[in-house]
Amino acid sequence: MVKKSDRKRKERKVRERKSRKEQPESLKKLSKYYQRIKTYGIAALVLILAYYGYLIRVKSARLRYFIDPDTFFHFEMFRQAVRHGVPTYFPYANPPAGVNVGGSLGLYAIPAKVYNILFAPLGYSELHFFKIWTPLLGALTIIGIYLLGRKLHSDWTGFWAAAFLAFSYANYSKTYSGNARGEAPFLMFFVFAILSMAYYLDAESNFRNVKKLTVKLVWGSLFVVLSWLFMMSWQGSEFGLGILLLFMPLHSIVLFTFGRIGELRRFTIELYSAMLVVLLGGLALTRVSLVGYRSFLVFSLEAYFAALILNLVMLFGQRVGLNYSDKAHRLGTVVGIGIAAFIGAYAYFGRDLWKFLAGAYQSNPLYQTVAELARPNWGYVKNVFSIHYGRTGAGQDGMLYILSVLGFAVLLLRMLWKYRKGDVTGYKEMFLAVYYSAATYFLWTAVRFSFQASGAVLLLAGLFIGELMVAIEKLNDTVGTKAMYAIVLILLFIPLPVIGARDMGRLAASQAAHEAVPASWQNALLWMRNSTNPLDSATSWWDYGYWIESSLLSHRRASTDGGHAYDRRYVLAKFFSHSGSKSEVDFEAWGLNYLITWQSDIYKFNAISYLGGAITYGEYKKTPMFMPVSSQYGAVMGFDNTTKSFYVRVRTARGVLTYIPEMVINLARGGSVYRNKNPNINYVLYIFSQSFGILAYKKIAFSNFVQLAFNYINPLNITESMMLRANFKLVKSEGDVNVYRFSPFGVYRIDELTNGTVQNGTWKMVYSTLSPARKLPLGNHTFRVYISAFGRDVTNGTLVFEAYNGSKLVEREVLAKNLHINHLHERPILVSFDVPNATSYRMYILQKGPVGVLDGPVKVNGREVNPSSPIAPGRSGEIQLKAAFRRGYDKVTLAMRAMVTYYLTPNGKDIYKDDFYLEPHQDVVAYIPLKTLSVSAGDNEISAHVSVPSDLFTSFIQKLRAKYGSNFDVAKKRLEPVFITEKEYVVWEG
């Protein structure tokens, strides 16, 4: 056998010498420089690719504001980290309590350190650096993916992976300027961590050779440090740890099955020891909040020790009588141990064992409406992994993903071929297979994972072409001939990155052409910044909370935003999608001062209506809440004189469809109402102009959102509209954005007794919120005052009337004492008083209510705690906090307010049934008084003793369970410090 092999080798060398003599001189020269061109040329091209990747990602840095709303929040945290170290508390979210900053806070600490050390001395502003940070990470990842591909396979794999990564939309989507989430630094550090791991495993272990030992330790240390950095960079970096924890036992099992005990011993000593340092170090970093997933790290350590025990059994089991005589027995041992381990793990963790995988796709109504958690289809995957993008930005081919599948197939064939020959020591193929399999699994579970998958997908796409290039280099032909083949192959594939780079450059330029924050929003928010109290709060739909909070815009507190106060989204959706008493919720509990509506939210109203309980899940999935009608959308409005019906005609692929809505409201003609006799759709048509209208689904056609966003009065219930305008007064209108000032109590109508007695007299309306310019008649009169109490009752209140000449008070009269108004069943208040001749008047209610906001972290027994849940029921301690007030108060009660947000599910809890719907509720459970004190305007440091009953929430939830059975779900339990005092609620001004 050996002789036959030597003979073949000699024959091949003879053929090569003969071929070299016969090849042209040009090919001889090419063969001389080919290796040099390959080594240095590819590296130079990768640097050019990285620079180009940076240029397309940084185009949007010229915008004034960020493209991604979440980035506004991350910028605020970055600024805190630059100035104060790791951020811990943010007062602008979740008013009146604020929030502890959660997650892996290395996301802010790492760029803050980079800025302070490198960029601040160069004169970069915080904002300028923050805008270029993610493009820099993108460029470094391009270089890193080249080095990793080169290390795990070949120069060509690294080059093509880098070329694809430079323009891939999947990677671009989280690395362009204006999108500074944690995924970008995670992927960059993860790629370099794996690169360091590969060099560490490949380095020779030789304790007698100091140089070799030093190299080994350096690479191992880099692997550990870079692993800590990727863990610090993103809350979802469990993904990276999961890949490593899966790779380690799988490669160990392969080594053991094939009897490579020596290699298994070395692999266990080297990688398992390094991973133990990684996990223990990560656990330590959770104590300073740089890593945010302590429970997962505990689980990871448990999984690590389970894998280590398996390795020890494989290494030493033969000593205690296990049969390792052949592959079948060794594999049987592993399978048996695996089954036993799974049974034990399931017995220990129960269903929690699946939480890591289930985290990709949540299972509650709120997460059903989050686009990033939707399951992708081929259309989506094609879109993010295409080479060519159309003018509209849609991916045309999905070629990168197809190439990755081919690369994965090649990788598996190579692994099987090597295993067949008994060559199982190569860990690189196993790691690539695990990385790609895990990334692909998550890619197909939720669209949010397309960026994380980009590293693996593009590595395997590069591997496919790299395998072809390596196959050419292994041919028996001369170097010059192989170089010619390589050049032909390069010319064949080079259009791919060229086309991709052109298209992504165009898309990046288009994305950077317009501000993501519309001008109407900018003007409204900057008005708030300049015209409202710094302690004020505002709300809109949650997507815009980070705009409200941003120091670049209004810099005001926001009731809910992209990452905080999720429970309030149900409550806010209930308000927007309903009207009248069904929509009323206690906004004052949020410290709300302003409400912002945006007409463009018609495109999000399916989610809003569903979360608010106005429609079922089937309607949410299948029935649009709003449909714009104009030639732009292929639809026209008209009136059929024959049938006396307004109609909407829509041109579709099936032909022209005619829709006849139930009702038509012509806003171009003062809001006139017309009812069609034979409607075929249960919609209301709003006509704004001759050429533009909106079809609104009947269930939400007269909702608070429609009335406030379009500044419209419901013609079917004028009283409801009057009441709504009493609590929400328009103070700023900017095109399609309206800003309303909120008051929990407001007068919506005043009637004067003009004749007869109170019981059987004649009444004349002298004021309403729809005609606020009217004046009260002078002199002594009897009035009926209608007060809208929104979301909370008036309890033991005092109604006061005042008259002013300029700023001078000329008359003050108490109109009613011990006033009680049930906000769900309001009745007019009968009063008689004298209206003097004055320049202005007002009525206000004196009643106890919340004042102030928290303006710093909350501590219990010296430890910083969650401000919305600072102490558990059944516990006690000393609470310390900082609260800010607009003015001083003499008698303020500091209390703990217990609240529960929950939703009822009358048709059952199966959220995927068409008839599923929910009814959101927000209830105050109890107030626990702590102390009475005086406070001054501005910040106040306050401390008190707190003790919470153990059944504070359980007794309330038990009552719900007794009433509704299992058809309810608790969204959030809150226990927040609040300050209660007697305050003035201005209900009318004239």
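Residues numbered from 1 in each chain as written. Predicted model: local features only at pLDDT ≥ 70, side-chain atom pairs only at ≥ 80, totals over all residues. Heavy atoms only, no water.

K.L.:
Let's hear about the overall build of the chain: which residues, and what values?
P.N.:
When you go through the chain residue by residue, the secondary structure sums to 29 helices and 30 strands. Expressed as lengths along the three principal axes of its C-alpha atoms, the size of the chain is roughly 130 × 75 × 60 Å. Residues counted as buried form 55% of the 990 residues belonging to the chain. Put simply, the chain shows about 43,200 Å² of open surface, and 56% of that area lies on carbon and sulfur atoms. When the 110 positive and 68 negative side-chain charges of the chain are each reduced to one mean point, those points stand 9 Å apart. (Helix = DSSP H or I, 4+ residues; strand = E, 2+ residues; numbered from the N terminus. Buried < 20%, exposed > 50% of the residue type's maximum accessible area, 1.4 Å probe, protein only. Areas by Shrake-Rupley, 256 points an atom, 1.4 Å probe, with all protein chains shown as cover. Lys, Arg positive; Asp, Glu negative; His and termini not counted. Charge placed at Lys NZ, Arg CZ, Asp CG, Glu CD.)

K.L.:
Hey, could you go over a nonpolar patch on the surface for me, with residue numbers and the actual values?
P.N.:
A cluster of nonpolar side chains, contributed by Trp 378, Met 399, Ile 402 and Leu 406, occupies part of the molecular surface with about 320 Å² of accessible area. It is helix H17 (residues 399-420) that contributes the most residues to the nonpolar patch, three residues altogether. Taking the relative accessible area as the measure of exposure, Leu 406 reaches 37% and is therefore partly exposed. (Patch = residues over 30% accessible without salt bridge, like charges linked within 9 Å, V, L, I, M, F, W, Y side chains within 5 Å. Salt bridge = Lys/Arg side-chain N within 4 Å of Asp/Glu carboxyl O.)

K.L.:
Give me the side chain of Thr 623: which residues, what numbers.
P.N.:
Relative to the helices and strands, Thr 623 resides in the loop between helix H26 (617-622) and strand S6 (626-629). For Thr 623, a relative accessible area of 19% puts it in the buried group. Once residues within four sequence positions are removed from consideration, Thr 623 is found in contact with Asn 606, Gly 618, Tyr 683 and Tyr 697. (Contact = heavy atoms within 4.5 Å.)

K.L.:
So what's going on with unusual backbone geometry? Which residues, and what values?
P.N.:
Residue Pro 95 is joined to Pro 96 through a cis peptide bond whose omega torsion reads 5°. Looking at where Pro 96 falls in the secondary structure, it is placed in the loop between strand S1 (89-90) and strand S2 (99-100). Not every positive phi belongs to a glycine, and Lys 644 is a case in point at roughly 55°. If you trace the backbone, Lys 644 turns up in the loop between strand S7 (635-640) and strand S8 (645-652). Positive phi is not limited to glycine here, since Asn 818 has a value of about 50°.

K.L.:
Break down the confidence of the model for the chain for me, citing the residues and quoting the values.
P.N.:
Looking at the chain as a whole, the pLDDT averages 91, with 92% of positions reaching at least 70. Confidence drops under a pLDDT of 50 for residues 1-5, and excluding neighbours within four residues, the segment shows zero contacts in the predicted structure. (pLDDT = per-residue confidence, 0-100.)

K.L.:
Report on the pattern of salt bridges, specifying residues and quantitative values.
P.N.:
For the structure shown, the criterion picks out 38 salt bridges. A salt bridge links Lys 604 to Asp 543; its shortest N-O distance comes to 3.1 Å. Of this pair, Lys 604 sits in the loop between strand S5 (594-598) and helix H25 (605-611) while Asp 543 is found in the loop between strand S3 (537-539) and helix H23 (545-549), placing the two residues 61 residues apart along the sequence. Classification of Asp 543 as buried rests on a relative accessible area of 18%.

K.L.:
Please provide a residue-by-residue account of the packing of H17 against helix H19 (residues 450-473), values included.
P.N.:
Any two packed helices are characterised by the angle at which their axes cross and by the distance between the axes. Between H17 and H19, the shortest axis-to-axis distance is 7 Å and the interhelical angle comes to 65°. With respect to H19, the element H17 is oriented roughly perpendicular. Viewed along their axes, H17 and H19 form a crossing whose handedness is left-handed. Contacts between H17 and H19 involve Leu 400, Tyr 401, Leu 403, Ser 404, Leu 406, Gly 407, Phe 408, Val 410, Leu 411 and Arg 414 from the first element and Val 457, Leu 458, Leu 460, Ala 461, Leu 463, Phe 464 and Glu 467 from the second. When its residues are assigned to classes, the contact of H17 with H19 shows 13 nonpolar, two polar and two charged. (Axes fitted to C-alpha atoms, helices over the stretch in contact; angles between N-to-C directions. Parallel < 35°, antiparallel > 145°, perpendicular 65-115°, else oblique. Left-handed = near helix turned anticlockwise from the far one by under 90°. Nonpolar A, V, L, I, M, F, W, Y, C, P; charged D, E, K, R; others polar.)

K.L.:
Got a sec to walk through H19? Specific residues and values, please.
P.N.:
Given a rise of 1.5 Å per residue, 24 residues ought to cover 34 Å, and the 34 Å separating the end C-alpha atoms of H19 matches this to within 8%. A maximum bend of about 25° is found in H19 at Ala 456. Of all 24 residues making up H19, 22 are buried, and the element is well covered by its neighbours. (Expected span 1.5 Å × (residues − 1). Bend = angle between axes of the 7 residues up to and from the residue.)

K.L.:
Report on the environment of Gly 908, specifying residues and quantitative values.
P.N.:
The topology assignment puts Gly 908 in the loop between strand S27 (889-904) and strand S28 (919-935). By relative accessible area, which is 16% here, Gly 908 ends up buried. When neighbours within four sequence positions are excluded, Gly 908 is seen to be in contact with Phe 916 and Asn 967.

K.L.:
Tell me about the sheet that holds S3, and please be specific about residues and values.
P.N.:
Across the sheet, five strands lie side by side as S4-S3-S5-S15-S14; this open sheet has mixed pairing. Whereas interior strands pair on both sides, the edge strands pair on one side only; in this sheet they are strand S4 (557-558) and strand S14 (728-734). Here five bridges tie S5 to strand S15 (residues 737-742), and the two strands are oriented antiparallel to one another. Directly across from Thr 597, in S15, lies its bridge partner Asn 738. In the packing of helix H22 (residues 519-531) onto the sheet, contacts are made with S3, S5, S14 and S15, and the angle to S5 comes to roughly 170°. Taken strand by strand, helix H24 (residues 567-577) contacts S3, S5 and S14, and its axis lies near 65° from that of S5. (Pairing = 2+ DSSP bridges.)

K.L.:
Can you break down the packing of aromatic side chains residue by residue, with the values?
P.N.:
Centre distance and the angle of the planes are the two values used to describe a pair of aromatic rings. Within the structure shown, the criterion is met by 91 aromatic pairs. Taking 5.1 Å as the distance between ring centres and 35° as the angle between the ring planes, the aromatic pair formed by Tyr 570 and Tyr 903 counts as tilted. Of this pair, Tyr 570 sits in helix H24 while Tyr 903 sits in strand S27, and the two are 333 residues apart along the sequence. Neither Tyr 570 nor Tyr 903 differs from the other in exposure class; each is buried. Between Tyr 610 and Tyr 617 the ring centres are 5.7 Å apart and the planes differ by 55°, which places this aromatic pair in the tilted class. Here Tyr 610 falls in the buried class, since its relative accessible area comes to 0%. The ring of Tyr 92 carries Arg 557 above its face, with NZ or CZ at 5.1 Å from the centroid. (Phe/Tyr/Trp six-rings, centres within 6.5 Å; stacked < 30°, edge-to-face > 60°. Lys NZ or Arg CZ within 6 Å of the ring centre and 35° of its normal.)

K.L.:
Give a detailed account of the packing of helix H4 (residues 106-119) against helix H5 (residues 126-152), specifying residues and quantitative values.
P.N.:
The geometry of H4 relative to H5 is characterised by a closest axis approach of 11 Å and an angle of 115° between their N-to-C directions. By the angle between their axes, H4 is roughly perpendicular relative to H5. Remark: the crossing between H4 and H5 carries right-handed chirality. Residues Ile 110, Pro 111, Val 114, Tyr 115 and Phe 119 of H4 pack against Glu 126, Phe 129, Ile 132, Trp 133 and Leu 136 of H5. Partitioning the contact of H4 with H5 into residue classes produces nine nonpolar, no polar and one charged.

K.L.:
Please give an account of the environment of Ala 803 that cites residues and values.
P.N.:
Locating Ala 803 in the fold gives a position in strand S19 (residues 794-805). Note on Ala 803: relative accessible area 0%, which makes it buried. Considering only alpha carbons, one finds Ala 803 and Val 835, 32 residues apart in sequence, at a separation of 7.8 Å. The contact partners of Ala 803, leaving out residues within four places of it in the chain, are Lys 808, Leu 809, Val 810, Glu 811, Pro 836, Ala 838, Ser 840 and Tyr 841.

K.L.:
Can you lay out the sheet that holds S7 for me, pointing to particular residues and giving the numbers?
P.N.:
The three strands lie next to each other as S7-S8-S9, forming an open sheet whose pairing is antiparallel. A single partner strand is all that each edge strand has here, and the edge strands are S7 and strand S9 (655-659). Averaged over all adjacent pairs, the angle separating strand axes in this sheet is 30°, with direction ignored. In this sheet, S8 lies alongside S7 in antiparallel orientation, the contact comprising six bridges. When the bridges of S8 are listed, Gly 638 appears paired with Tyr 647.

K.L.:
Go over the pairing of strand S22 (residues 840-851), please, and point to the residues and values.
P.N.:
Most of S22 is tucked away, with nine of its 12 residues classed as buried. As paired strands, S19 and S22 are joined by seven bridges and run antiparallel to one another. Each residue of the ladder has a partner; that of Glu 802, found in S22, is Arg 842. The pairing of S22 with strand S30 (residues 968-989) spans 10 bridges and is antiparallel. The partner of Tyr 844 across the bridge, within S30, is Val 986.

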